[in-house]
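# Analysis of the macromolecular model
What follows is each chain in one-letter form.
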Amino acid sequence: MTESTYRIQGATGEWEVVIGLEVHAQVTSNAKLFSGAATAFGAEPNAQVSLVDAAMPGMLPVPNKECIRQAVRTGMAIGAQINRWSRFDRKNYFYADLPQGYQISQLYHPLVGEGAVEISLDEKNPDAQTKTIGIERIHVEQDAGKLMHDQHPTMSYVDLNRSGVALMEIVSRPDMRSPAEAGAYLKKLRTILRYVGSCDGNMEEGSMRADVNVSVRKPGDEFGTRTETKNVNSVRYVMAAIEHEANRQVDVLESGGTIVQETRLYDPDRNETRSMRSKEDAHDYRYFPDPDLLPLELDDAFLDECKASLPELPDAKRKRYETELGLSAYNAAVLTAEAETARWFEGLLAECAKAQGKPEAEVAKAAANWLLSELYGALNRLGKTIDDSPVSQAAGAELIALVADGTISGTIAKQVFEIMLETGEPAGKIVEERGLKQTSDTGAIDAAIAKVLADNADKVEQYKGGKEALFGFFVGQTMKAMQGKGNPQLVNAQLKKALSE
Amino acid sequence: MTDLTDLGVADIRNGVRAGTFSAREVATAFNANVAEAKALNAFLIDTPEHALAAADAIDAKRAAGEELPIMAGVPIGMKDLFCTVGVEARAASEILNGFKPTYESTVSQKLWDAGCGMLGKLNMDQFAMGSSNETSAFGNVISPWRRNDGGNAPLAPGGSSGGSSAAISARLCPAATGTDTGGSIRQPAAFTGISGIKPTYGRCSRWGVIAFASSLDQAGPMARDVRDCAIMLEAMSGFDPKDSTSLDLPVPNWEAGLSSNLKGKRVGIPKEYRMDGMNAEIAAIWDKGAEWLRDAGAEIVEVSLPHTRYALPAYYIIAPAEASSNLARYDGVRYGQRNLPDGAGLQDMYAATRAAGFGPEVKRRIMIGTYVLSAGFYDAYYTQAQKVRALIARDFAQVWEHCDVLLAPTAPSAAFGLGENSDDPIAMYLNDVFAVPASLAGLPAMSVPGGLDSQGLPLGLQIIGKPLDEQGVLNAGLAIEERAGFTARPGKWW
């Protein structure tokens, strides 16, 4: 556990920042929480609205089991207590995007209780600085619709596509002490959600957003009064909003003011938070148990299935990559940071093991290195994600195998990969047709060496006079003379021999 | 030839099945009665073509030699709380003006499937909030009954299912749907000399029924006798996956199970229902009911439901609390009435729409409900009321160790005159005092006519049963019905 040293330097001394996040994560499900309507992003307004979502008279909610299942699996993934008995409550308020006049949520008896998420504060060395962020609860609730104010000169339009979509509200303890910790927590949470498959974590499309609770205090003091900044929709904005809000609070306190408990909005264009409403005009939501719904009771069979369907989670996977596959902590962390990357890597690993007829542990390092340097570089250039990689796992494995068995050198492999990207042809064919095979013929190597040494007699003199760093120069020249096809080990060996003569 | 409109559900079905008369003849006869009874204001909307179309479909089935369903050829009245496709559903409130559902409530669909047709939408207390039908936005229903004092004072048909009760007793329909949240089937049945049963909570789907108080609302049949109630209850009941509180249980054939032989049964008389200052005629009919049940073979035992006196206050917290939230959807945004004053914003539109759209009793209950759920009062009212509700349910659970059904009056008086209670909400709420305990416990309960009081007005007897024991309730009702020999009907003045 690492104590944060993040402090705001005020006129009266140092201030510590206390942060808690309430993350709203849209549950991945084909249907809404209490209706059969679809949930796809980007549909025409009001194309995905059932009678229940529009709160037509006499309509009743029926819980969607898949949404409950996903929330339970998420809870299990953060080691949380799963409540076998939970209940839905109504949160009552009037707004045009809330057709029922209440949101069905869980105040008194949430589905998921206490859990925790471990974050790493140093990406390069993920085992070095870790911190555990407590999770207070996860409850499920309905999303609201959306108002559109730009469709008519005097009226607002309502789009109910989101109305009734299932959200998980993941409430952390006020355990974070810096914007960086909050950012790391959000990223880690998103990784876990994506591994579990319970939320796509897509903050741009609004499927994950955070309410940010911030307060400041002199180190060691009691918690200060907090403000809540609503609906911040990117990791970067969350960090910026915290930094801004914490500084604002310090300014207020140091100029003799007090912090009022209030709801604020973050404006990313101006990088500032603005007051939305204070506690005095806070709604009285009149929560009470929803009488249309029975308490949610989970049985062993359901919980067992949820447990059994959980994938290997990022922390466990990262540790396994280090211990069983022998990868560096950094590489293991990068490969496991996104579920898609890990999935792709494991596919590549299987193909490599097959292609080379070796256990995965023996081919893992080369596979990881190729993926993180060559493939990632190419994807970045092409603006593609790993899931739409132009090179398949099998094709990558074939290329890696050619290096491993000495058919081509690493340098040639880079060229072959470029050709693969351009033509889509397999590595073996490229190497064969373009004659890129590595030469282990010592006669050809020696001839090339002889020419290089003859052409650079002055440097040979310097080398022999003690300037041994020139050895690399001779290797490079020899390889160049052989169009990169010389077996590097043999070129080294033969050069050493020739120079010592 | 008998007047077809004197026939009940079983007789119509049997006659249609036997070919004694056609379903069309039945529908035509009742359509005519509906059309000439405007003075009662029982129907908000007449749908004669719906009744005829359903009748024709049944007649065609019969002609084709198909088996006819259990309510074949029976035209019914539909309480305005039920959504039916294409017919305005307003819960007798202005706020739903113009709202024509595109969907069919589960219960009404089941009735159409059982061979019923719809004569029209029945008037009621607005959003089922009331015991006299005076809260309807479209004028109160007038009971077909009159006192025998020669005065023609208009009487309440009871509520909230007052259109249903008036229409059945005036022979405008052989049966009708009702809903019962705190007595809304039983009290109007008692006031008009008909029968009605509220089944166990969850027997009838609430899907498509405009909600008042979700944890209490329960649909049920109202008809002329116990057998007709049994038939119609079977048609209305059944599991509905669209209602989370629906009971996933098979529906018994209650008609086949009818038996007025109560040998070996014990009937409990809850002593707490015998309240100070009880109307002597009510007390007398109650005693008579007990005698009849003894005569049918039952043993009569006195039992105790100690928390009875807390039931009414608890009910008038829980029901308004749920209503205040259930009625939030009537905001003028998506359907029904919208009042948009010049230059109004969203909040102004809400205020104007709800001020104009809801009647005073609905507003009163929304305000009560909002108050009891608000911060600082929730525990003192709502939480406390839920505790009382649990104690009431426990009272009943304990009483079933000593008896099979309970006998009690349905209402504390016979029908009162319109206007007599309307300026005193508490007096009006007291009408439900015998009805709400069974509602809070979700138990089946029915009212059957016991006799007439000295003014010539019907008095009802209430039977409350164990959870899911509608059969026991119907059988005790049948035993009373056979012995009471209630044949009185209102003289036609409309």
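- Looking at an unreviewed UniProt entry, one finds chain B named Glutamyl-tRNA(Gln) amidotransferase subunit A, with Blastomonas natatoria as its source organism.
- Per UniProt, the comment on chain B under Function (unreviewed entry) is "Allows the formation of correctly charged Gln-tRNA(Gln) through the transamidation of misacylated Glu-tRNA(Gln) in organisms which lack glutaminyl-tRNA synthetase. The reaction takes place in the presence of glutamine and ATP through an activated gamma-phospho-Glu-tRNA(Gln)."
- Entered under Catalytic activity (unreviewed entry) in the UniProt record, the comment concerning chain B runs "L-glutamyl-tRNA(Gln) + L-glutamine + ATP + H2O = L-glutaminyl-tRNA(Gln) + L-glutamate + ADP + phosphate + H(+)".

- The name given to chain A in an unreviewed UniProt entry is Aspartyl/glutamyl-tRNA(Asn/Gln) amidotransferase subunit B, with the source organism recorded as Blastomonas natatoria.
- Turning to chain A, the UniProt annotation filed under Subunit (unreviewed entry) states: "Heterotrimer of A, B and C subunits."
- Under the Sequence similarities (unreviewed entry) heading, UniProt states for chain A: "Belongs to the GatB/GatE family. GatB subfamily."

## Notes on the overall build of chain A
- Along chain A, the regular secondary structure elements total 15 helices and 16 strands.
- Its C-alpha atoms give chain A a radius of gyration of 30 Å, clearly above 23 Å, the size a compact globule of 501 residues would have.
- Counting the 501 residues in chain A, one finds 52% classified as buried.
- For chain A, the exposed surface amounts to about 22,400 Å²; the carbon and sulfur share of it is 49%.
- For chain A, the distance from the average site of its 56 positive side-chain charges to the average site of its 74 negative ones is 2 Å.

## A word on the nonpolar core
- Met71(B), Ile76(B), Leu111(B), Phe127(B), Leu172(B) and Leu407(B) are the most contacted members of the largest nonpolar core, which has 174 residues in total.
- In terms of residue count, the dominant contributor to this core is helix 9 (residues 311-326) of chain B (ten residues).
- Listed in part, the 65 residues of the second largest apolar core include Ile8(A), Cys67(A), Ala71(A) and Leu189(A).

## Some remarks on the UniProt feature "active site" (unreviewed entry) in chain B
Residues and elements named next belong to chain B.
- Within the UniProt annotation, "active site" (unreviewed entry) is assigned to Lys 79, Ser 160 and Ser 184. Spatial clustering of the annotated residues is evident: they stretch over 106 residues in sequence, but the largest pairwise C-alpha distance comes to 11.3 Å.
- With respect to the helices, strands and loops of the structure, Lys 79 is situated in strand 2 (residues 75-79).
- Not counting the four nearest positions on each side in its chain, Lys 79 is found in contact with Lys 121, Leu 122, Met 124, Ala 128, Ser 160, Ser 161, Ser 164, Thr 177, Gly 178, Thr 179 and Ser 184.
- Tracing the chain through its elements places Ser 160 in the loop between strand 3 (117-122) and helix 5 (162-169).
- The exposure class assigned to Ser 160 is buried, which follows from its relative accessible area of 0%.
- Other than its neighbours up to four places away in sequence, Ser 160 contacts Lys 79, Asn 123, Met 124, Asp 125, Ala 128, Met 129, Gly 130, Asn 133, Thr 179 and Ser 184.

## As for the packing of helix 8 (residues 360-382) of chain A against helix 10 (residues 410-423) of chain A
Residues and elements named next belong to chain A.
- At a closest axis distance of 12 Å, the pairing of helix 8 and helix 10 adopts a crossing angle of 40°. Regarding the angle of helix 8 to helix 10, the classification is oblique. Helix 8 and helix 10 meet at a crossing whose hand is right-handed. Along the contact surface, helix 8 presents Trp 370, Glu 374, Leu 375, Ala 378, Arg 381 and Leu 382, while helix 10 presents Lys 414, Phe 417, Glu 418 and Leu 421.
- When the residues that make up the contact of helix 8 with helix 10 are grouped by side-chain class, the tally is six nonpolar, no polar and four charged.

## Description of the sheet that holds strand 15 (residues 288-289) of chain A
- With antiparallel pairing, the three strands of this open sheet are ordered in space as 5-4-15 (chain A). If you trace the sheet from one side to the other, it starts and ends with strand 5 (102-105) and strand 15 of chain A, each paired once.
- Together, strand 4 (89-92), strand 5 and strand 15 of chain A form the strand contacts of helix 9 of chain B, whose direction differs from that of strand 4 of chain A by roughly 60°.

## Notes on the interface of chain A and chain B
- Listed by partner, the interface residues are 33 residues for chain A and 42 residues for chain B.
- Surface buried jointly by chain A and chain B totals about 2,900 Å² across both partners, of which 60% is contributed by carbon and sulfur atoms.
- A per-residue breakdown of the area chain A buries against chain B is headed by Pro57(A), Phe94(A) and Arg286(A), which together make up 22% of the total.
- At the boundary of chain A and chain B, one finds one salt bridge.
- Salt-bridge contacts for Asp292(A) lead to Arg206(B); the nearest nitrogen and oxygen are separated by 3.0 Å.
- Counting across the chain A and chain B interface gives 16 residue pairs in polar contact (both at pLDDT 80 or more).
- If you list the elements that add at least two residues to the side of chain A that touches chain B, you get strand 4 and strand 15 of chain A.
- Counted by class, the side of chain A that touches chain B contains 25 nonpolar, four polar and four charged residues.

## Quick look at the UniProt feature "domain: Amidase" (unreviewed entry) in chain B
- Those residues carrying the UniProt feature "domain: Amidase" (unreviewed entry) are residues 29-474 of chain B in this numbering.
- When the span residues 29-474 of chain B is considered, its composition is 34% helix and 14% strand, and the gap between its end C-alpha atoms is 29 Å.

## So, the environment of Asp122(A)
- Relative to the helices and strands, Asp122(A) is located in the loop between strand 6 (115-120) and strand 7 (130-142).
- Measuring from C-alpha to C-alpha, the distance between Asp122(A) and Ala184(A) comes to 9.4 Å, with 62 residues separating the pair along the chain.

## Overview of the UniProt feature "domain: Asn/Gln amidotransferase" (unreviewed entry) in chain A
- UniProt records the feature "domain: Asn/Gln amidotransferase" (unreviewed entry) for residues 343-499 of chain A in the present numbering.
- Each end of residues 343-499 of chain A is marked by a C-alpha atom, and these two atoms are 48 Å apart; helix forms 73% of the span and strand 0%.

## Brief notes about helix 12 (residues 442-455) of chain A
Residue and element names in this part refer to chain A.
- End to end, helix 12 covers 20 Å across 14 residues, agreeing with the expected 20 Å (1.5 Å per residue, within 8%).
- Buried within helix 12 are the following residues: Ile 445, Ala 448, Ile 449, Val 452 and Leu 453. The arc enclosing the buried residues of helix 12, seen along the axis, measures out at 130°, which places them on a common side. Of the residues in helix 12, the exposed ones pointing more than 90 degrees away from the buried face are Lys 451, Ala 454 and Asp 455.

## Comments concerning the environment of Ala37(A)
All names here are of chain A.
- Checked against the element boundaries, Ala 37 lands in the loop between strand 2 (13-26) and helix 1 (65-77).
- Along the backbone, Ala 37 and Arg 162 are 125 residues apart, and their C-alpha atoms lie at a distance of 9.9 Å.
- The residues contacting Ala 37, other than those within four sequence positions of it, are Asn 30, Ala 31, Lys 32, Gln 48, Val 49, Ser 50 and Asp 53.

## A word on the domain arrangement of chain A
- According to the domain assignment, chain A contains domain 1 (8-283), domain 2 (311-433) and domain 3 (442-500).
- Computed from C-alpha coordinates alone, the two centres of domain 2 of chain A and domain 3 of chain A are separated by 32 Å.

## Quick word on the pattern of salt bridges
- Taken as a whole, this structure holds 58 salt bridges over all chains when the rule is applied.
- Where Arg209(A) meets Asp143(A), a salt bridge forms, and the shortest distance between an N and an O atom there is 3.1 Å. Linking Arg209(A) in strand 11 (residues 208-217) with Asp143(A) in the loop between strand 7 and strand 8 (146-148), this pair joins segments that are 66 residues apart in sequence. Residue Arg209(A) shares its accessibility class with Asp143(A), and that shared class is buried.
- If you follow the salt bridges from partner to partner, you end up with Arg90(A), Asp290(A), Asp292(A), Arg206(B) and Asp243(B) in one network.

## Looking at a nonpolar patch on the surface
- The grouping of Met155(A), Tyr157(A) and Leu340(B) at the surface amounts to a nonpolar patch, some 250 Å² of accessible area in total.
- Mapped onto the elements, Tyr157(A) comes out in strand 9 (residues 157-159).
- Residue class for Tyr157(A) comes out partly exposed when judged on its relative accessible area of 38%.

## A short note on the side chain of Arg171(B)
- Its place among the elements puts Arg171(B) in the loop between helix 5 and strand 4 (175-180).
- In this structure Arg171(B) touches Thr5(B), Asp6(B), Phe30(B), Asn33(B), Arg224(B) and Arg489(B), once residues within four positions along its chain are discounted.

## A word on the side chain of Arg329(B)
- As for its placement among the helices and strands, Arg329(B) is situated in the loop between helix 9 and helix 10 (346-357).
- The side chain of Arg329(B) is buried and forms no salt bridge, while Asp292(A), the nearest opposite charge, is found at 5.4 Å.
- Side-chain polar atoms of Arg329(B) contact the backbone oxygen of Met56(A), separated by 3.0 Å.
- Sequence-distant contacts of Arg329(B), defined by excluding residues within four places in its chain, comprise Ala55(A), Met56(A), Pro57(A), Gly58(A), Met59(A), Pro99(A), Gln100(A), Tyr102(A), Arg334(B) and Tyr335(B).

Thresholds applied
Residues numbered from 1 in each chain as written. Chains lettered and ligands numbered in written order. Predicted model: local features only at pLDDT ≥ 70, side-chain atom pairs only at ≥ 80, totals over all residues. Heavy atoms only, no water. UniProt positions renumbered as here; feature names shortened; annotations may be inferred. Helix = DSSP H or I, 4+ residues; strand = E, 2+ residues; numbered from the N terminus. Rg over C-alpha atoms; globule rule 2.2 N^0.38 Å. Buried < 20%, exposed > 50% of the residue type's maximum accessible area, 1.4 Å probe, protein only. Areas by Shrake-Rupley, 256 points an atom, 1.4 Å probe, with all protein chains shown as cover. Lys, Arg positive; Asp, Glu negative; His and termini not counted. Charge placed at Lys NZ, Arg CZ, Asp CG, Glu CD. Core = buried A, V, L, I, M, F, W, Y, C linked by side-chain atoms within 4.5 Å. Contact = heavy atoms within 4.5 Å. Axes fitted to C-alpha atoms, helices over the stretch in contact; angles between N-to-C directions. Parallel < 35°, antiparallel > 145°, perpendicular 65-115°, else oblique. Left-handed = near helix turned anticlockwise from the far one by under 90°. Nonpolar A, V, L, I, M, F, W, Y, C, P; charged D, E, K, R; others polar. Pairing = 2+ DSSP bridges. Buried area = accessible area lost by both parts, 1.4 Å probe. Salt bridge = Lys/Arg side-chain N within 4 Å of Asp/Glu carboxyl O. Polar contact = N/O pair within 3.5 Å; in protein donor to acceptor, adjacent residues only side chain to side chain. Expected span 1.5 Å × (residues − 1). Arc of directions from axis to C-beta. Domains from an automatic or database assignment. Patch = residues over 30% accessible without salt bridge, like charges linked within 9 Å, V, L, I, M, F, W, Y side chains within 5 Å.

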